[in-house]
Amino acid sequence: MPPSWADSAIDRRSVLLGAAAIGGFLALHLGSVAYARGPVGSGGRLTPQSFIDAFQHVNGVHRGFRRNHAKGVSVTGYFESNGNGADLSRAAVLRPGRTKLVGRFSLPGGNPTVADTAGANRGLALAFGYPGSGQWRTAMLNIPVFTVNSPQGFYDQLLASKPAADTGKPDPDAMTQFLAAHPEAARARDVIKAQPPTSGFADSTYRGLNAFLFADTAGNATPVRWSLVPMQPIGTAAASGAGPNWMFDDLITAIRRNPLRWRLMLTVAEPQDDPNDATVAWPPERRVVDAGTVVLDAVEPERRGNARDINFDPLVLPDGIEPSDDPLLSARSAVYAASFRRRAGETSGTPAVEAGAVSR
Ligand code: HEM
């Protein structure tokens, strides 16, 4: 039987949250000058459906899989909070103590069998306290800043990245046009290029990239960005490993050998920092609070009931953590919900990464 979003109350809640955000997203764009400029779209207006169409136009349709970050594995573990974040936010997860985690490592794109490459962005999504009320869900990447700062920028970038039929690579003219129309993306590229990737999933730093407001018990709200800094030794990236799943295989082997650990770091904005532009890094001298340790100690292939069936909607937040006004957030929430609804209604194929049989 295909998975259903009605399987659990919390999934239904997240889809409802997503649906609410879609309303806001559409309203926002009805009154704006954002247009779908590509060969697909819905009558010129940018909507969650335009994003789903664009993902399918670029990657093809892979039924039952995420329309982005389709290749992944599910992990579980826990977060051991040391209480240091509790001054910034009243969220229960930041008080001293342990919270269960369900997560997912992934690579971007809609193709669930894409070959692992060292240069592809690495994703780590976590649901703190799943299943349960007051969850905190986050989907992070191993890059220092995001590539674009608006839904239109994401959409234009997606279309420009479509591999050409003859070369299998993005059309250089389309990419030049995209970068000329989005100078913030050209600047972000330089920042990203200056920080080469590490050897794999286990030694990557994952960043939430969007800012959120941390609200304390007195109601003061401070913009914060979070990141996970690896406690494993850091290696340099291999050009590529053996086999199509080498990076996932390394991750599986590493988790089976020892639990993997990251420090949860909270970077606190100063008044001059823009919380609404994910392409701009905040200065390195900002206050950083070490809030505790994320421990991931089990890995399994995607299957019914594990992280496969979670929508890592960045607007599923506990009391004490609130969204900023970053326009990417409501767009993400709406598009993730549209992707989730689509895949939940389809029968999944076999995932590319079978954690029981490391593929080399
Ligand atoms: C407008 C901007 C964005 C759009 C339209 C977008 C779209 C998507 C979609 C459709 C999915 C699949 C959702 C699902 O079926 O569950 C996804 C997954 C993901 N995205 Fe985004 N995304 C955006 C921005 C970002 C940003 C800023 C980050 C990093 C901070 C990010 C990181 C991820 C990760 C790690 C996943 C995989 C989550 C999982 O394992 O379920 N995305 N994205």
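Our subject is the structure listed above.
Just so it is clear, the model here is predicted, and its values are computed rather than measured.

Enquirer: Just checking my understanding: could you explain the overall build of the protein for this structure?
Expert: A count of helical and extended segments in the protein gives seven helices and ten strands. Counting all 360 residues of the protein, 52% fall into the buried class.

Enquirer: Just to check I follow, could you spell out the site of the ligand for this structure?
Expert: Near the ligand there are 25 residues, and of these Arg66, Arg104, Tyr336, Ser339 and Arg343 occur at the shortest range. One of the side-chain nitrogen or oxygen atoms of Ser339 is found 2.5 Å away from an oxygen atom of the ligand. Between the ligand and Arg343 there is a distance of 2.8 Å, counted from an oxygen atom to a side-chain nitrogen or oxygen. Breaking the shell around the ligand down by element, the ones donating at least two residues are α2 (48-59), β2 (97-107), β3 (123-128), β4 (136-141) and α7 (327-344). With seven residues, α7 is the largest single contributor of residues to the shell around the ligand.

Enquirer: What exactly am I supposed to notice about the environment of Phe178 here?
Expert: Tracing the sequence through the fold places Phe178 in helix α4 (residues 172-181). Separated by 19 residues in the primary sequence, Phe178 and Leu159 place their C-alpha atoms 9.1 Å from one another.

Enquirer: Could you clarify how one ought to interpret the packing of aromatic side chains in this entry?
Expert: How two aromatic rings sit relative to each other is set out by the distance from centre to centre and by the angle between their planes. Following the criterion strictly, the structure yields 14 aromatic pairs and no others. When the centroid spacing of 5.5 Å and the interplanar angle of 80° are considered together, the rings of Phe79 and Phe128 count as edge-to-face. Residue Phe79 is located in strand β1 (residues 71-81), and its partner Phe128 is located in strand β3; the two are separated by 49 residues in the primary sequence. When its relative accessible area of 0% is taken as the criterion, Phe79 is described as buried. Here the aromatic rings of Trp136 and Trp226 are separated by 4.9 Å at their centres, their planes lie at 85°, and the arrangement is edge-to-face. Of this pair, Trp136 sits in strand β4 while Trp226 is found in strand β7 (residues 221-230), placing the two residues 90 residues apart along the sequence.

Reading guide: rules and limits
One numbering rule holds for all chains: residues counted from 1, following each sequence as written. Owing to the predicted nature of the model, reporting of local features is limited to residues with pLDDT of at least 70; listing and counting of side-chain atom pairs is limited to 80 or more, with chain, interface and lining totals taken over all residues. Calculation of side-chain values draws on the structure's entire complement of heavy atoms; hydrogens and water are dropped beforehand. Strands here mean DSSP runs of E at least two residues long; helices mean DSSP runs of H or I at least four residues long; both are numbered from the N terminus. Relative accessibility thresholds used throughout: buried, under 20% of the residue-type maximum; exposed, over 50%; partly exposed, between the two (1.4 Å probe, protein chains only). Each residue is tested against the molecule or strand, and it is near if at least one of its non-hydrogen atoms lies within 4 Å. Nitrogen and oxygen atoms within 3.5 Å of one another constitute a polar contact, given that in protein one can donate a hydrogen and the other can accept it, and given that sequence-neighbouring residues count only through two side-chain atoms. Think of it this way: a Phe, Tyr or Trp ring, Trp meaning its six-membered ring, pairs with another when their centres are within 6.5 Å, and the plane angle makes it stacked under 30 degrees, edge-to-face over 60, tilted otherwise.

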